[in-house]
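This is what each chain is made of:
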Amino acid sequence: MHHASNTMAQNSTKIPFWRDTRVLQVLFQILFLLGVFLLAGILYANMLKGLDNLGLNLKLDFLRNEAGFDVSDTVIEYDPSNTYLKAFIVGVLNTLRVSLLGILCATVLGLFIGISRLSTNWLVRNIAATYIEIFRNIPLLLQILFWYTVFGSLPAARESINLFDTVFINNRSIYFPSLQQTAGISSWVGYFYAAAILSVISIFVLALIFHRKQVERMEEGDDIGYFTHVTRAAKWSIVPVFFIVAIIGWFLAPESPFVLGRPELQRFNVEGGIRFSAGFISLLIALSVYTSAFIAEVVRSGIQAVSKGQREAARAVGLSTGQTLRLIILPQAVPIIIPPLTSQYLNLAKNSSLATAAGYDDLFRIGSTILTQAGKAIPVFAMVMANYLIISLTTSAAMNWYNRWVNRFNR
Amino acid sequence: MTENENTSNDPIIICEDVHKWFDDFHVLKGITTTFKKGEKAVICGPSGSGKSTFIRTINRLEEHQRGTIIVDGIELTNDLRNINLIRQEVGMVFQQFNLFPHLSNLKNITLGPIRVRKLSKRKAEEEALALLERMGIADQAYKYPSEISGGQQQRVAIARALAMEPKIMLFDEPTSALDPEMISEVLDVMRELAHSGMTMLVVTHEMGFAREVADRVMFFDEGVVVEEAVPADFFDNPQHERTKLFISQTLQH
Amino acid sequence: MEEQADIQQIKPPTNAKGPVGWLRENLFNTWYNALLTCVALLFLYFTFKGILTWAFTEAEWNVIPANLQLFAIGPYPRDQVFRIWICLYILTGLLGLSAGIWRGIVQRWTIVVGSIFLVFLVIPFEIVPRQDSNYVSIEFRFNLIWLIFESRRWLLGNIAILIVTFFLGNRISRLRPWILGGWILSFPIIMFVLHGFGENAVHTSLWGGLMLTLILAVVGIAVSFPLGVFLALCRQSKLPAIKWVSIFYIETVRGVPLITILFMGNTLITIFIPYFTIDQVLKMMVAITLFSAAYMAENVRGGLQSIPRGQHEAAQAVGLNYVQSMLFVVLPQALRAVIPAIVGQFIALFKDTSLVSIIGLIDLLGVAKSILAEWLGRHVEVYLFIALIYFIFCFAMSKVSQEIEAELGVGKR
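Numbers given to residues run from 1 along each chain, matching the order in which its sequence is written. As they are written, the chains are lettered A onward and the ligands numbered 1 onward, keeping that order. Under the rules for a predicted model, residues below a pLDDT of 70 receive no local features and side-chain atom pairs below 80 are neither given nor counted, while totals for whole chains, interfaces and linings still include all residues. The basis for every side-chain value is the complete set of heavy atoms in the structure, and neither hydrogens nor water enter the calculation.

1. Focus on the overall build of chain B
When helices and strands are counted, chain B shows nine helices and 10 strands. With the C-alpha coordinates aligned to their principal axes, the bounding extent of chain B is approximately 55 × 45 × 40 Å. Working definition: with a 1.4 Å probe on protein chains only, accessible area under 20% of the residue-type maximum means buried, over 50% means exposed, and in between means partly exposed. Buried residues in chain B amount to 58% of all 253 residues. What makes two residues a contact is simply this: any of their non-hydrogen atoms within 4.5 Å. Put simply, of all contacts in chain B between residues at least 6 apart along the chain, 67% involve residues at least 24 apart. Only the protein chains shown count as cover for residues, and all accessible areas are computed by the Shrake-Rupley method using a 1.4 Å probe. Carbon and sulfur atoms provide 46% of the accessible area of chain B, an area that totals close to 10,500 Å². In this tally, Asp and Glu contribute negative charge and Lys and Arg positive charge; neither His nor the terminal groups of the chain are included. Where a charge lies is defined by one atom per residue type: Lys uses NZ, Arg uses CZ, Asp uses CG and Glu uses CD. Looking at chain B, you have 28 positive and 38 negative side-chain charges, and the mean spots of the two groups are 6 Å apart. Labels follow the DSSP assignment, with helices taken as runs of H or I lasting at least four residues and strands as runs of E lasting at least two, numbered in each case from the N terminus.

Below is the structure:
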């Protein structure tokens, strides 16, 4: 028997390479990579040749040239004499602005609709269902165009719709009141430092009180739990202290720290306040409404995914409906909801590239403007796509990290 | 009782110093043993002792990292042809049956013969029906796995393995996922198979079956073979403390 | 005995409480729900009042009937329309055969499609727009004269084909494997018939409307399917080089908006492949397919992951090699599990094809835009109309998807 295994072992050193799985695996991968690189190489060579024919190159120095075009909405200061790079950054910021605001609105709307979808009220439930079916089954681009058109049919600037002298709407823009800082802000902020010190003190005092109380009632072997006392004290002191200080400080400050800058209707236009362009608003409405329909479904299915047994068990223990929702359903539903919710957020950010349809200068639109003006198709495109990629990849990386954190007990 | 006239002296599986790690976890710590043609070996031991991993290395569902395994004169290496040959020589029955849910019971059995042994469809079906007859479930041929009981599913799985006409059969806890009343129908089939002279390696906790059928019982713990003996000695006169403890605990149930 | 008989005769208490009972149970069971109901009713009242007032007093709907043909097929030459009908006949025939063979969902939806045809056929009036005024005259034709309209004759033929093939399929279930091949083959055939050749060839720049939208979406899904399966298998591969290349592709494509890919397909392809000029519709098809493949891969991967490891092992244990175990054991199960997800992706793609109107193709939305260039100020009417078309298609498909899901859930094999 020993003899047999020895001869076999000798045999094993001489596997022909075309049958050795290890060799085959490496060989297969090398061939595959060769194929990929060959394809990429051909495309790259073609590109260089094509660029040469068109008299173009891949250099990025054009970014320092003057942009020369105007941008309708800007977060930072910008004028046409700025560089292409600055214009590009304005585009990135505009994309982020509409995405973040859209995410906020879509989440609020979506939560509201999603919970309505589960209402015991027949009418509410079905209105929510209709909303979801209508808005998720119509292309976003069409919805953007629709809202943009509706906006365009509003009265002109001089006949702006006036809502209680605080909000003005016309066919080009919408004006909200703005918060403006005054000289009083510095002393008001001063009170906050005081509040911070005050709350630290109150935490310790409260913790001490809690501790005393517990020691009185303590039995042998009980856990003393200093840490619990401190966190409990923090919970009961920080928020109230800050609130009280903020309110008292507001009145004590020599001047009220903020004033409301209301827009005013002038002869031909509206002045003051914060202005949002029609393009921005219609894009925002369309993105929020469209995405909220999907978010509502995510919320609904997340809540329904928590098994009926959980609900029944909670009832059996004697929890009320509200307690069941708060203590049993939501803690289990949220981890289910978060991943698809994030992918909806990502979709919204990517969909914001349809801003072109509403004439809002986002990353993609400014990118294509630069492209037509400077004729630098490939570098500009690489930059635009890289930006979207960065947004997507960082978000999904954060998502993965969160998932691992949530599921750390389920291993 | 344990002496089986089918058992010859030719070794069919030779394991020498077989080691296996899952990452840093040392599952098999140098298993050296030989199984003879026609031998029935029952392998038992606590969960996590490496017994399942061991029989899975024999048809290379798991790759051993040190030592040699020779099955019917073919060494298990990275040689693609050898792996394919071994898989045809060694049949396997799983704890969870692993029938293909999208295929009827008959097609589950004929898949291997048609695709690997290159039998004609008609010939494969004839053989499959004969096997189902032998398993006592010929009437279930055209149903789907989800439509029959667990015991019947496991018998289909045994028929599927036998359809490849293997020389060796591996059983990985074949009755552990079954309801108590179905265990005996599967054990009956295995008993019949044992009497027909098949070489069998069975991981199981069915001590009655071991006592009755096995030529040898091997006790695994923490990746080593702690004790191996003919059933009579193993159950009535265990040598090691761990074996004694295991037997007393298992027989209590 | 007598007692038992008595017990058996006791009937359950009736639940029927009439409409008042229903109202109380579903709308006014608590004060809180009653309040909600009132708010909802107010909301509905104002919404509907606004919309209906606009629709019946301000809106000028004649733009719709005047351009129905444009919406349907774009600028496709009117004397070549018979080609489209031929394509429709091919598809209807296949649908009829499939419905006859498979029954179930296919049959139910075939009946729906058939009855839609029938409704269009027997509507006893023609909508005749008058370009010069804002009015649409609806001419009722109660006699059989309506059959003379050309499109109705074609439609009649279509229904006939549906019925004939249905019974044919019902009889000959041996056709089963051929039908699948037929669907796949119908694809190039339809492209060929639509395009034609020689003098009467219809260049793709004349393809448009709903037809183009459907073509783009179907091509996108159908071609991206094998690509997506391939990418998904690569991503699941144990070999790192193959795995990472496929992850790179999938994540890059999924990380950027579709419009950037369409734009790239439109402008940059000429730089990368400079040797010949590529038809614009074809360019969009390629771009949409490459985009869709990444999403398809992720869907298929979900299906692959739902297949337990034991299936793989069992396939290996009976001696199948990698390709065989994928082909005969894993993929058939995985693909069955992802059908609903693929329908979902088709809906998304169907909506997404509207982006080609930004590139300048005249799909349904593109046609709408070009109509609006002539019919000034009718934006809302036109947008609402095409929104309705998109909605009907998407909604119907999502219902199909739900039914498939339910069916797969019940007969889990």
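Okay, back to it.
2. Here we look at the confidence of the model for chain B
Any residue range with low pLDDT should be treated as having predicted coordinates unsuitable for detailed reading. What pLDDT expresses is the predictor's confidence in each residue, scored from 0 to 100. The share of residues in chain B with pLDDT of 70 or more is 96%, and the mean pLDDT across the chain is 88. The element-level mean pLDDT for chain B is lowest in helix H2 (residues 80–89) of chain B, coming to 82, with strand E8 (residues 199–203) of chain B highest at 94.

3. Re the sheet that holds strand E1 (residues 161–163) of chain A
Residue and element names in this part refer to chain A. A sheet is described by the order of its strands in space; here four strands give the open sequence E1-E2-E3-E8, paired in antiparallel fashion. Strand pairing shows two members of the sheet lacking a second neighbour, E1 and strand E8 (274–277), which therefore form its edges. For this sheet the average axis-to-axis angle between neighbouring strands, irrespective of direction, equals 15 degrees. We call two strands paired when DSSP finds no fewer than two bridges between them. Alignment of strand E3 (residues 173–176) against E8, held across four bridges, turns out to be antiparallel. Paired with phenylalanine 176 across the bridge in E8 is isoleucine 274. Between N-to-C directions, angles span 0 to 180 degrees; the directions come from axes that are lines fitted to C-alpha atoms, helices contributing only their stretch in contact. Seen against the sheet, helix H8 (residues 278–305) touches E3 and E8 and runs at an angle of roughly 70 degrees to E8.

4. A word on the sheet that holds E8 of chain B
Working definition: the strands of a sheet are paired by backbone hydrogen bonds and lie parallel or antiparallel to each other. Residues and elements named next belong to chain B. Sheet architecture is open: six strands sit in the order E6-E7-E8-E3-E9-E10, paired in mixed fashion. Each having just a single partner strand, strand E6 (90–93) and strand E10 (224–229) make up the two edges of the open sheet. The sheet shows a mean angle of 20 degrees between the axes of neighbouring strands, direction not considered. As judged from the five bridges shared by strand E9 (residues 216–221) and E10, these two strands associate in the antiparallel manner. Following the sheet pairing, phenylalanine 220 is matched in E10 by valine 225. Those strands touched by helix H6 (residues 180–195) are strand E3 (40–44), strand E7 (168–172) and E8, and its axis lies near 150 degrees from that of E8.

5. A short note on the nonpolar core
Grouped together as the largest cluster of nonpolar side chains are 191 residues, with contacts concentrated most on Phe69 of chain A, Ile13 and Phe54 of chain B together with Phe71, Leu194, Leu262 and Ile386 of chain C. Not counting residues within four places of it along the chain, the set of residues in contact with phenylalanine 54 of chain B comprises Cys15, Leu28, Ile31, Thr33, Phe35, Ile43 and Phe220 of chain B. Definition of nonpolar core: a set of buried residues of the types Ala, Val, Leu, Ile, Met, Phe, Trp, Tyr and Cys, connected through side-chain atoms within 4.5 Å. Membership of the second largest hydrophobic core comes to 48 residues, among which are Ala159, Met182, Met198 and Ala214 of chain B.

6. A few points about the interface of chain C and chain A
Across the boundary between the two partners, chain C contributes 52 residues, which contact 47 residues of chain A. When two components associate, each loses some accessible surface as probed by a 1.4 Å sphere; the sum of these losses over both components is called the buried area. Its largest share of buried area at the contact with chain A, chain C owes to Ile271, Phe272 and Lys351 of chain C, together 14% of the area lost on that side. Salt bridges are counted wherever a side-chain nitrogen of Lys or Arg sits within 4 Å of a carboxyl oxygen of Asp or Glu. Along the contact surface separating chain C from chain A lie zero salt bridges. Counting of polar contacts relies on pairs of N or O atoms within 3.5 Å, with two restrictions inside protein: one atom must be capable of donating a hydrogen and the other of accepting it, and residues adjacent in sequence are counted only when both atoms are side-chain atoms. Where chain C packs against chain A, one counts nine residue pairs in polar contact (both at pLDDT 80 or more). Residue assignment for the side of chain C that touches chain A shows that the elements contributing at least two residues are helix H2 (18–26), helix H3 (31–58), helix H11 (240–255), helix H12 (258–272), helix H15 (322–352), helix H16 (356–359), helix H17 (364–374) and helix H18 (379–410) of chain C. It is H18 of chain C that provides the largest number of residues to the side of chain C that touches chain A, a total of 11 residues. Residues belonging to the side of chain C that touches chain A are distributed by class as follows: 38 nonpolar, 10 polar and four charged. For this scheme, ten residues count as nonpolar: Ala, Val, Leu, Ile, Met, Phe, Trp, Tyr, Cys and Pro. Four count as charged, namely Asp, Glu, Lys and Arg, and the remainder, Gly too, count as polar.

7. A word on the domain arrangement of chain C
Residues and elements named next belong to chain C. By domain assignment, chain C separates into domain 1 (16–58), domain 2 (77–201) and domain 3 (206–413). Facing 11 residues of domain 2, the contacting portion of domain 3 comprises 16 residues. Surface buried jointly by domain 2 and domain 3 totals about 1,100 Å² across both partners, of which 76% is contributed by carbon and sulfur atoms. Looking only at domain 2, the three residues that lose the most surface to domain 3 are Ile105, Trp109 and Phe187, adding up to 46% of its buried area. In this structure, the connection of domain 2 to domain 3 is made through one salt bridge. Where domain 2 meets domain 3, there are two residue pairs in polar contact (both at pLDDT 80 or more). For the side of domain 2 that touches domain 3, the secondary-structure elements that each account for two or more residues are helix H7 (104–122) and helix H9 (176–195). Sorting elements by how many residues they give to the side of domain 2 that touches domain 3 places H9 first, with four residues. Where each domain begins and ends is defined by an automated method or by a domain database.

8. Focus: the side chain of asparagine 266 of chain C
Residue and element names in this part refer to chain C. Within the secondary structure, asparagine 266 sits in helix H12. For asparagine 266, a relative accessible area of 18% puts it in the buried group. At 3.1 Å, the side chain of asparagine 266 and the side chain of glutamine 280 are in polar contact. Not counting residues up to four positions away in its chain, the partners in contact with asparagine 266 are Gln280, Lys283, Met284 and Ile359.

9. A few points about the interface of chain C and chain B
Counting residues at the interface gives 18 residues for chain C, matched by 23 residues for chain B. Carbon and sulfur atoms supply 60% of the area buried between chain C and chain B, which totals about 1,900 Å² over both sides. Linking chain C with chain B are one salt bridge, by the criterion used here. Here arginine 56 of chain B ties to glutamate 313 of chain C by a salt bridge, and the two come within 2.5 Å at their closest N and O atoms. At the surface where chain C touches chain B, the tally comes to six residue pairs in polar contact (both at pLDDT 80 or more). Of all the secondary structure elements, the ones that give two or more residues to the side of chain C that touches chain B are helix H14 (309–317) and H15 of chain C. No other element matches the eight residues that H14 of chain C contributes to the side of chain C that touches chain B. Taken together, the residues that form the side of chain C that touches chain B break down as eight nonpolar, six polar and four charged.

10. A few points about the packing of aromatic side chains
In this analysis, rings of Phe, Tyr and Trp, with Trp reduced to its six-membered ring, are considered paired at centre separations within 6.5 Å, and the interplanar angle assigns stacked below 30 degrees, edge-to-face beyond 60, and tilted for intermediate values. Enumeration according to the criterion identifies 19 aromatic pairs over all chains in this entry. Considering the side-chain rings of phenylalanine 381 of chain A and phenylalanine 263 of chain C, the 5.4 Å spacing of their centres and the 15 degrees angle between planes classify their relative orientation as stacked. With phenylalanine 381 of chain A in helix H12 (residues 377–406) and phenylalanine 263 of chain C in helix H12, the pair connects residues from two separate chains. The interplanar angle of 40 degrees and the centroid separation of 6.5 Å between the aromatic rings of phenylalanine 35 of chain B and phenylalanine 54 of chain B together place this pair among those described as tilted. Taken together, the residues span a long stretch of sequence, with phenylalanine 35 of chain B in strand E2 (residues 25–36) and phenylalanine 54 of chain B in helix H1 (residues 51–58) at a distance of 19 residues. Judged by its relative accessible area of 0%, phenylalanine 54 of chain B falls in the buried class. Here a set of aromatic residues connected by ring pairs shows up, and it is made of Phe176, Phe276, Phe280 and Tyr360 of chain A. One Lys or Arg, arginine 160 of chain B, reaches over the ring of phenylalanine 100 of chain B and ends 4.6 Å from the middle of that ring. The rule is short: NZ of Lys or CZ of Arg within 6 Å of the ring centre and within 35 degrees of the ring normal puts a charge over the ring. Sitting above the plane of the tyrosine 295 of chain C ring, arginine 254 of chain C keeps its charged end 5.6 Å from the centroid.

11. Structural notes on H2 of chain B
Within the span of H2 of chain B, buried status applies to Asn82, Ile83, Ile86, Arg87 and Glu89 of chain B. One side of H2 of chain B holds all its buried residues, which, seen down the axis, span an arc of 160 degrees. Taken from the helix axis, the directions to the C-beta atoms give the arc we talk about.

12. Here we look at the pattern of salt bridges
For the coordinates displayed, the defined rule picks out 28 salt bridges over all chains. Here glutamate 127 of chain B makes a salt bridge to arginine 117 of chain B, at a shortest N to O gap of 3.4 Å. With a gap of 10 residues between them, glutamate 127 of chain B in helix H4 (residues 121–135) and arginine 117 of chain B in the loop between helix H3 (105–115) and H4 connect regions that are remote in the sequence. Overall, the relative accessible area of 21% leaves arginine 117 of chain B in the partly exposed class. Of the charged contacts in the structure, one is a salt bridge between arginine 309 of chain C and glutamate 313 of chain C, with a shortest N-O distance of 2.8 Å. One end of the pair is arginine 309 of chain C and the other is glutamate 313 of chain C, both in helix H14 and four residues apart, which spans about a single turn. Classification of arginine 309 of chain C by relative accessible area gives exposed; the value is 59%. Its relative accessible area of 10% is what places glutamate 313 of chain C among the buried residues. If you follow the salt bridges from partner to partner, you end up with Lys20, Arg56 and Glu62 of chain B together with Arg309 and Glu313 of chain C in one network.

13. Quick notes on the packing of H12 of chain C against helix H13 (residues 280–305) of chain C
Residue and element names in this part refer to chain C. Relative orientation of the contacting elements H12 and H13 amounts to 135 degrees, with a least axis distance of 9 Å. If you check the angle between H12 and H13, you find them oblique. Note on packing geometry: the crossing formed by H12 with H13 is right-handed. In this structure, H12 uses Leu258, Ile261, Leu262, Gly265, Asn266, Ile269 and Thr270 to contact H13, whose residues at the interface are Gln280, Lys283, Met284, Ala287, Ile288 and Phe291. Of the residues in the contact of H12 with H13, the class split is eight nonpolar, four polar and one charged. Angles are sorted into four bins: roughly parallel if under 35 degrees, roughly antiparallel if over 145, roughly perpendicular if 65 to 115, and oblique for all others. Should the near helix be turned anticlockwise from the far one by less than a right angle, the crossing is left-handed, and should it be turned clockwise, the crossing is right-handed.

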